[in-house]
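Commentary on secondary and tertiary structure
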Amino acid sequence: MGATAMTAGTLGTASKAIGQTKKPIPKDPIKIAAISFLTGAAAAPFGIPGYNTFAMCADVINKEGGILGRKIELLSKDEAGGVDAQVKLCRKLVLEDKVDVILGYISSASCQAILPLADELGGLIIAYDCGTHELMEGAKSPYEVPKFKLGFRSKAHLGIDNIGLALVIKKYFPKIKTIAGINPDYAWGRESWQIFEVAMKKLMPQVEVVKTLWPPLGNTDYTAHISALMGAKPDIVHSSLWGGDAVTYTKQAMGMGFFKNIKMAYSRGEPYPQEVGKDFPQEQIICCAGTHYFLYPPHDKSPLNKWFVAEYQKRYGKYPTYPCYHAYQAIYAYKYAVEKAAKAVGGWPELDDIAKATVGLSFQTPSGTLTIREDHNAIEDVLVGFTKLTPKYPFPILDPKRLEVFPASQVNAPVGIKTVDWINSWK
Amino acid sequence: MWVVYTLNGLYFAALLFLISLGLNIILGVMGILNLAHGSLYAIGAFIAAWIIIAIGMKVPPFFLYITLLSGFVLAGFVGFLMEKSLIRFMYKRTLEYQLLLTFGALMLLEDVIKMIWGGQAYYASAPFDLLGKVDIGGNIYPTYFLFVMIIALMAGLFIWLFMSKTKLGIMLRAISLDREMATGLGLDINRLSTFAFVLGSGLAGLAGALVVPTTPALLGFGHEPLILGFIVVVVGGLGSLKGALVGALLVGFTRSFGIAIFPEIELPLLFLIAGIILVVKPQGLFGR
């Protein structure tokens, strides 16, 4: 404690009331827990790509010297097993294993249960993939931010996906009369549909919703749902189905002749053409959960994307999909925040310092610029495209002539304002 | 579209019929409620998926469909092992022991599946794709679903003929009607029970194998069919083969039409209907 008085005076930095110790940079590794679905239907399209990217980035960062000279020790954990198991795991990681940060969670259900633990347990948690907008929003507009002192999300929430879809549908299909929805029956699905429906009502009030279906998360048989949708005859069907559910649904729908007369609008459909393969139907509307796409930004405009795609392909033999880009964002958000905080305090930063440094953090990613705001949520542009089979790739890509990118300001609600209220306030 | 909803209802009913037929044979002949029945369904699915992926398009299409029988064979074999090692100790025990032991078997089999096949999803759609689609009254319908219905019908007919016309079948029915009398008449209860368990398990495995061309095999695959199978058995009447058919049709149609007409209450609708039936007829529609 003796060193405190000396350093607090010397540095004159923003120090705590207690008096900040200038901690020398430790030599031991930084323990980063990365949590993703390693088993189950979500593993192949999501969890494994996410984990692969964490491993890849940790390796690259370590080869370049680590974070402030400290190597990263990556602990990979399985998100499967239900929310109760995840809560137990989080407690163990923070209290027993004393990890430096948890980067995790694909499922909105996981995030909703875990983020409040950040402040309760005093551990830094960065949500990397889940989309529920209610996670950080308050009960009414305007609401106080941030909701969690030590909880962050290194990506935009589902608002951008569903607003983006509505904007594209208005632009390309202004004459449609009916829409429907098939979404998983939990926070993610309900909220995705809610934002989409509110946005559609605002942009195209003449369009009627003819059916909304709510299969349980992890449902494997969509036969009845597909027939029900075909019976309702919508022009376009919205879906936030993801992971194995999206692949199974699409394959079953293909088998039942669904795509002959109906178009799908997948709010996070970017990975599935690659997962399903050559037969994935063309002309489907696909949103990229941001602007995350192996072909966007074009490699001549973004050397970072070019490197990211090439490196991922070299290691894993596939093109990276949006969980990969999200994983990159999470681990680099932590790295840059620690570096920024260390500069501010002149030594190894405490969790509060890192949290402070994360606000306003803005950095380049393979998809563009990511900015984390004072509500601890990030904002991103959004990319929506149309599937098209080209000779160059063994699965449909997004038609390069119709890549619709909407800037962050058009699809992210302002700080402290609920997304639904913001959409309703549009002129 | 009502034609399609009806056909879907028949398709679900076909699968549920196979599952609950197996459950009822075991229940009727042995008086055992097997909670691990869903795991046998899953084993059937995994082995069929695995073989289909392995041999794929390398064999003539006819053999591809024969591989679906592998589900029946392996599940039957696992059932045999289960019966010899676990189930035979339960005949004199009360229901709680049965539930506990078979639930333990469920967890065990789940881990065995994970050990052998891992945590990934197995898609094996070749048998489905090969049969293409058919036009029924202006509606496109996958031919594979009709194939499943035919198989289930054939299995049902086979079991019915077996139970009513063959000596072995009559012996099984005798045991299920009056175990003590059957023993007194000199029937080899042990061997017949084993046979019933193997047959019932095999039917569950067959159902799993039939579903795999449309639905990926993955962990937890057997949970929902197990619950639905039990609803069918309870609503149709414990041990009744006719009950299995009627119960399966009821549950199948509830699912198909329920999702189309009342999507918001997709999950509880079935339980609501089952509850109403059981209030009126607690022993099930055809129960004794």
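Nothing here was measured: the structure is a model prediction, and the numbers come from that model. (Residues numbered from 1 in each chain as written. Chains lettered and ligands numbered in written order. Predicted model: local features only at pLDDT ≥ 70, side-chain atom pairs only at ≥ 80, totals over all residues.)

1. Here we look at helix α11 (residues 223–236) of chain B
All names here are of chain B. The end-to-end C-alpha distance of α11, which contains 14 residues, comes to 20 Å, matching closely the 20 Å that a straight helix rising 1.5 Å per residue would cover. Counting buried positions along α11 yields 10 of 14 residues, so the element is predominantly enclosed. Among all positions of α11, only P225, L226, L228, G229, I231, V232, V233, V234, V235 and G236 are buried. On its buried face, α11 is in contact with α1 (2–30), α2 (37–55), α12 (241–261) and α13 (266–280). (Helix = DSSP H or I, 4+ residues; strand = E, 2+ residues; numbered from the N terminus. Expected span 1.5 Å × (residues − 1). Buried ≥ 20, exposed ≤ 12 C-beta atoms within 10 Å, placed from the backbone. Contact = placed C-beta atoms within 7 Å.)

2. What about unusual backbone geometry?
Residue and element names in this part refer to chain A. For the bond from S141 to P142, the omega torsion is -15°, close enough to zero to count as cis. Looking at the element boundaries, P142 is found in the loop between β4 (125–127) and β5 (151–153). For the bond from V145 to P146, the omega torsion is -5°, close enough to zero to count as cis. Inspection of the secondary structure puts P146 in the loop between β4 and β5. Unusually for a residue other than glycine, L68 sits at a positive phi of about 55°. Along the chain, the position of L68 falls in the loop between α2 (43–63) and β2 (72–78). Taking the C-beta count within 10 Å as the criterion, L68 has 16 such neighbours and is therefore assigned partly exposed. Located in the positive-phi region is H376, a residue other than glycine, with phi close to 70°. Within the secondary structure, H376 is located in the loop between β12 (368–372) and β13 (378–379). According to the C-beta neighbour criterion, H376 is buried, with 25 such atoms within 10 Å.

3. Quick word on helix α7 (residues 223–232) of chain A
In terms of burial, α7(A) is a largely internal element, 8 of the 10 residues being buried. Every buried residue belonging to α7(A) is among T223(A), A224(A), H225(A), I226(A), S227(A), A228(A), L229(A) and M230(A), and all of these are buried. Close packing links the buried residues of α7(A) with β6 (178–182), β7 (208–213), β8 (236–239) and α8 (243–255) of chain A together with α1 and α12 of chain B.

4. Here's the deal with the pairing of strand β1 (residues 133–136) of chain B
Residues and elements named next belong to chain B. Taken together, the 4 bridges between β1 and strand β2 (residues 139–142) define a ladder with antiparallel strand orientation. When the sheet's bridge partners are listed, K133 is paired in β2 with P142. In this structure, the hairpin formed by β1 and β2 is closed by a connection of 2 residues, where G137 is found at a positive phi of approximately 55°. (Pairing = 2+ DSSP bridges.)

5. Some details on the confidence of the model for chain A
Counting all residues, the mean pLDDT for chain A is 91, and 95% of those residues have values of 70 or more. Of the regions scoring below 50 in pLDDT, residues 1–19 of chain A engages in 17 contacts with residues more than four places distant in sequence or in other chains. (pLDDT = per-residue confidence, 0-100.)

6. Digging into the sheet that holds strand β11 (residues 362–365) of chain A
Residue and element names in this part refer to chain A. Taken together, the 3 strands give an open sheet; going across it, the order is β11-β12-β13, and neighbouring strands pair in antiparallel fashion. Each of the sheet's edge strands pairs with one partner strand only, and the pair in question is β11 and β13. As paired strands, β12 and β13 are joined by 2 bridges and run antiparallel to one another. Bridge pairing links T371 to I379 in β13.

7. Describing the domain arrangement of chain A
All names here are of chain A. Looking at the assigned domains, one finds that chain A contains domain 1 (3–157 + 303–379) and domain 2 (159–297 + 381–424). A separation of 28 Å is found between the C-alpha centroids of domain 1 and domain 2. Across the boundary between the two partners, domain 1 contributes 33 residues, which contact 33 residues of domain 2. Every element with two or more residues in the side of domain 1 that touches domain 2 is listed here: α2, α4 (108–121), α10 (303–316) and α11 (322–345). Looking at the side of domain 1 that touches domain 2, the element that brings in the most residues is α4, giving 3 residues. (Domains from an automatic or database assignment.)

8. Section: the sheet that holds strand β1 (residues 30–36) of chain A
Residues and elements named next belong to chain A. Overall, parallel pairing links the 5 strands, which are arranged β2-β1-β3-β4-β5 in an open sheet. Each edge of the sheet is formed by a strand with only one pairing partner; in this case those strands are β2 and β5. For this sheet the average axis-to-axis angle between neighbouring strands, irrespective of direction, equals 20°. Here strand β3 (residues 101–104) runs beside β4; their pairing, made up of 3 bridges, is parallel. Paired with I102 across the bridge in β4 is I125. (Axes fitted to C-alpha atoms, helices over the stretch in contact; angles between N-to-C directions.)

9. A look at the packing of helix α7 (residues 143–165) of chain B against helix α8 (residues 167–177) of chain B
Residues and elements named next belong to chain B. At a minimum axis distance of 5 Å, the contact between α7 and α8 shows a crossing angle of 80°. By the angle between their axes, α7 is roughly perpendicular relative to α8. Contact with α7, carried on its side by F162, M163, S164 and K165, involves G169, L172 and R173 of α8 and no other residues of that element. Per-class residue counts for the contact of α7 with α8 are 3 nonpolar, 2 polar and 2 charged. (Parallel < 35°, antiparallel > 145°, perpendicular 65-115°, else oblique. Nonpolar A, V, L, I, M, F, W, Y, C, P; charged D, E, K, R; others polar.)

10. Digging into the nonpolar core
Counting residues in hydrophobic clusters, the biggest one holds 219 residues, and the most contacted among them are L103(A), I126(A), L18(B) and A45(B). At 19 residues, α1(B) tops the list of elements feeding residues into this core. When residues of this core are assigned to domains, at least three fall in each of domain 1 (3–157 + 303–379) and domain 2 (159–297 + 381–424) of chain A. What L18(B) contacts, discounting residues up to four positions off in sequence, is A152(B), A155(B), L203(B), L206(B) and A207(B). (Core = buried A, V, L, I, M, F, W, Y, C linked by C-beta atoms within 7 Å.)

11. Description of the packing of α1(B) against helix α10 (residues 189–211) of chain B
All names here are of chain B. Relative orientation of the contacting elements α1 and α10 amounts to 170°, with a least axis distance of 8 Å. Comparing the axis directions of α1 and α10 gives the class roughly antiparallel. Relative to α10, α1 is oriented so that their crossing is left-handed. Here α1 contributes L15, L18, I19, L21, G22, L23, I25, I26, V29 and M30 to the contact with α10, which in turn contributes S193, A196, F197, L199, G200, S201, L203, A204, L206, A207, L210 and V211. (Left-handed = near helix turned anticlockwise from the far one by under 90°.)

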